[in-house]
Amino acid sequence: MLQKRFRTKILAVALIGYAALFASSLWVHVHTEEVRMRSDVGGILSSKIYEVIKVKSSEDIQEALLKAKRLDKKISVSGSRHSQGGQSFYDDAIVLDMREYNSILYVDPTNKLARVQSGATWLDIHEAINPYHLAVRVMQSSAIFTLGGSMSANAHGRDPSEGSLIESIESFRIMMADGTIVEASRTSQPDLFHAVIGGYGLFGVILDADVRLTEDEVYEQKITNMMYTDYPKFFDEHIIGNPEAALTIGRLSTAPSSYLTQMYALTMERTDEPLTPALTALEDERFVESGKFIFGLSRKWDRAKNWSWKLQKQLYRIEEGKRISRNNAMRNDVEFTMYRDPQKTDLLQEYYVPVDRFVPFVDGLREILREEELNVLNITVRYVPKSYESVLSYAKKESFSLVLLINHKKSPKDLRQLEQATRRIVDLSLEQEGSFYLTYQNFPTLEQLKKAYPNWEKFKQFKQYHDPEGRFMNEWYARYSR
């Protein structure tokens with residue numbers, strides 16, 4: 001009897017041990033699968049990648065390239081992962097996470113240049129150049145993005161006298177698929193220079209770049225309320241016609257009471273005031289908690305959008321006349337827009353229209369948004385001077401860019417509806433001789449892309465020439481290069 005009980009206990013212990021081992025193995029397997037799934041801030045597109053390599057040196061990149069060749073894997077390059085069309089990952093690829101490759105190699109105050117590794121963010125750059133009373137010329141409204149990611153998307157900013165980012169890049173070094181390092185500029189390897197900036201990481205790994213800088217200055221904040229129909233004239237007279245206008249951004253109302261009819265312009269105008277220590281001290285983003293609260297309410301209720309619109313204008317009105325340095329004016333990190341929900345997501349879209357087509361575009365956009373019942377939280381308006389430097393240039397004329405923040409369900413049915421709405425808006429922008437930004441969802445058709453970017457075939461030819469094995473790949477290019 002005792003022997004039987006002993007055998008039973010042994011068997012029970014063995015079963016418990018096996019179950020624990022199985023549960024542990026299952027957890028490791030599930031956890032590993034989760035780690036291998038790669039997505040971006042939009043959360044509607046993902047891939048099961050092979051592995052992520054955190055890059056800290058150029059040797060890490062060379063080793064990753066050798067490994068990819070040996071295993072016949074693709075390479076995708078990743079920064080802050082705020083693009084929303086699969087530009088930073090690919091199925092079964094080795095993903096290079098560049099965020100720890102982030103040194104500021106030097107700052108040259110005399111020539112107003114900084115050599116920066118591609119994983120550094122604009123926040124990092126601000127910290128390095130601020131002691132020299134220097135500032136960034138071109139960057140997005142948010143400073144959380146990496147230099148390499150911003151170059152790959154050829155970002156643009158709020159300074160009406162500056163074009164897209166390519167115009168403030170002097171040169172860069174890039175590691176090609178075979179491990180060689182090439183320096184590209186407007187005079188050395190110009191084809192590569194113009195294809196890589198705005199090339200979404202498809203030609204190689206940007207190592208570092210010489211970024212042109214400008215003087216830090218003291219600005220005075222001003223806000224002007226108006227109807228949307230008055231904005232082109234206001235912009236011509238008070239921004240383009242005003243040499244003191246340094247930074248500007250417009251915002252269209254998404255409140256039901258004034259839907260895409262009212263707007264305001266926030267302008268930073270130059271002053272003669274000196275840069276005091278108090279003004280040059282770098283500040284953290286303001287109104288984070290209130291911003292989170294307002295956006296949270298606006299996602300759910302139209303009435304909250306009316307409150308939000310009134311509150312926005314009141315907050316800016318309170319700060320009218322405030323003095324701020326250029327670096328601090330460019331130091332937003334959009335923390336309050338970070339949003340996590342299992343069923344919904346916040347998605348960005350951006351459209352470009354010539355300045356003289358702004359009003360008819362807004363009229364058409366209002367109609368589409370209402371018919372499609374899209375939950376639009378915010379629409380900002382920026383000015384983009386025409387630029388042909390990047391092969392995939394989005395500003396063929398002097399344009400306004402309209403950036404839409406849309407809260408939307410993630411179910412397949414709801415995403416198909418958003419895809420349909422997106423294609424309608426793209427058609428509207430093309431009818432107005434405009435285009436759309438490639439960094440967001442892959443909803444536009446290939447035909448729409450070719451109309452917006454007439455150099456698309458040329459871009460593909462450059463890709464084939466500089467990366468003949470197709471080592472660098474992402475979901476966005478795989479979607480449109482077929």
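Coordinates for the structure precede this section.
Report on the accompanying structure. (Residues numbered from 1 in each chain as written. Predicted model: local features only at pLDDT ≥ 70, side-chain atom pairs only at ≥ 80, totals over all residues. Heavy atoms only, no water.)

Structural notes on the overall build of the protein
Within the protein one finds 15 helices and 19 strands. Within the protein, the fraction of its 482 residues that count as buried is 54%. The contacts in the protein between residues at least 6 apart in sequence include a share of 73% that link residues at least 24 apart. Counting every atom, the protein has about 21,800 Å² of accessible surface; 52% of that belongs to carbon and sulfur. (Helix = DSSP H or I, 4+ residues; strand = E, 2+ residues; numbered from the N terminus. Buried < 20%, exposed > 50% of the residue type's maximum accessible area, 1.4 Å probe, protein only. Contact = heavy atoms within 4.5 Å. Areas by Shrake-Rupley, 256 points an atom, 1.4 Å probe, with all protein chains shown as cover.)

What to know about the sheet that holds strand S5 (residues 94-97)
What the 3 strands build is an open sheet, ordered S3-S5-S4; its pairing is parallel. The strands lining the two open edges of the sheet, one partner per strand, are strand S3 (51-54) and strand S4 (75-78). Between one strand axis and the next, the sheet turns by 25 degrees as a mean value, whatever way the strands run. (Pairing = 2+ DSSP bridges. Axes fitted to C-alpha atoms, helices over the stretch in contact; angles between N-to-C directions.)

Examining unusual backbone geometry
With a phi angle near 55 degrees, lysine 112 is a residue other than glycine that sits in the positive phi range. Among the structural elements, lysine 112 can be located in the loop between strand S6 (104-108) and strand S7 (113-117). Using a relative accessible area of 29% as the deciding quantity, one classes lysine 112 as partly exposed. A positive phi angle is found at tyrosine 200, which is not glycine, with a value near 55 degrees. Here tyrosine 200 lies in the loop between helix H5 (190-196) and strand S11 (205-215).

Some remarks on the sheet that holds strand S13 (residues 245-252)
Read from one edge to the other, the open sheet built from 8 strands follows the order S15-S12-S14-S13-S17-S18-S16-S19, with strand pairing classed as antiparallel. Two strands in the sheet have a free side with no partner beyond their single neighbour: strand S15 (323-325) and strand S19 (435-436). Docked against the sheet, helix H11 (residues 358-372) engages S13, strand S14 (262-270), strand S16 (344-354), strand S17 (375-384) and strand S18 (399-409), running at close to 10 degrees with respect to S18. Relative to S16, helix H12 (residues 412-431) is tilted by about 10 degrees, and along the sheet it contacts S16, S18 and S19.

With respect to the pattern of salt bridges
This structure, assessed with the given rule, holds 30 salt bridges. Note that glutamate 273 and arginine 323 form a salt bridge whose closest N and O atoms lie 2.6 Å from each other. Separated by 50 residues along the polypeptide, glutamate 273 in the loop between S14 and helix H7 (277-280) and arginine 323 in strand S15 bring together distant segments of the chain. Under the relative-accessibility criterion, glutamate 273 is labelled partly exposed at 35%. For glutamate 457, the salt bridge goes to lysine 450, with nearest N and O atoms at 3.5 Å. Classification of glutamate 457 by relative accessible area gives partly exposed; the value is 37%. With a relative accessible area of 39%, lysine 450 lands in the partly exposed category. Residues joined by salt bridges that share partners form a network here, namely Arg115, Arg173, Glu183, Asp208 and Asp210. (Salt bridge = Lys/Arg side-chain N within 4 Å of Asp/Glu carboxyl O.)

Thoughts on helix H2 (residues 58-71)
The end-to-end C-alpha separation of H2 is 20 Å, in line with the 20 Å expected for 14 residues at 1.5 Å each. Buried residues in H2 make contact with S3, S4, S5, strand S9 (169-175) and S11. Positive backbone phi, approximately 55 degrees, marks aspartate 72, located one or two places after H2. (Expected span 1.5 Å × (residues − 1).)

Points about helix H14 (residues 456-466)
For H14, the set of buried residues is Trp456, Phe459, Phe462, Lys463 and His466. One side of H14 carries all its buried residues, which in axial view fall inside an arc of 115 degrees. Exposed residues on H14 whose side chains face more than 90 degrees from its buried face are Gln461, Gln464 and Tyr465. On its buried face, H14 is in contact with H5, helix H13 (446-452) and helix H15 (475-480). (Arc of directions from axis to C-beta.)

Observations regarding the environment of asparagine 474
Its place among the elements puts asparagine 474 in the loop between H14 and H15. A residue is classified by how much of its surface remains accessible, and asparagine 474, at 1% relative accessible area, is buried. Considered as a pair, asparagine 474 and leucine 202 are 272 residues apart in the sequence and their alpha carbons are 7.7 Å apart. Aside from chain neighbours lying at most four places away, what touches asparagine 474 is Ser76, Gly86, Gln87, Ser88, Phe89, Tyr90, Tyr200 and Leu202. At 3.1 Å, the side chain of asparagine 474 and the backbone oxygen of tyrosine 200 are in polar contact. A polar contact of 2.8 Å, which involves the side chain of asparagine 474, links it to the backbone nitrogen of tyrosine 477. (Polar contact = N/O pair within 3.5 Å; in protein donor to acceptor, adjacent residues only side chain to side chain.)

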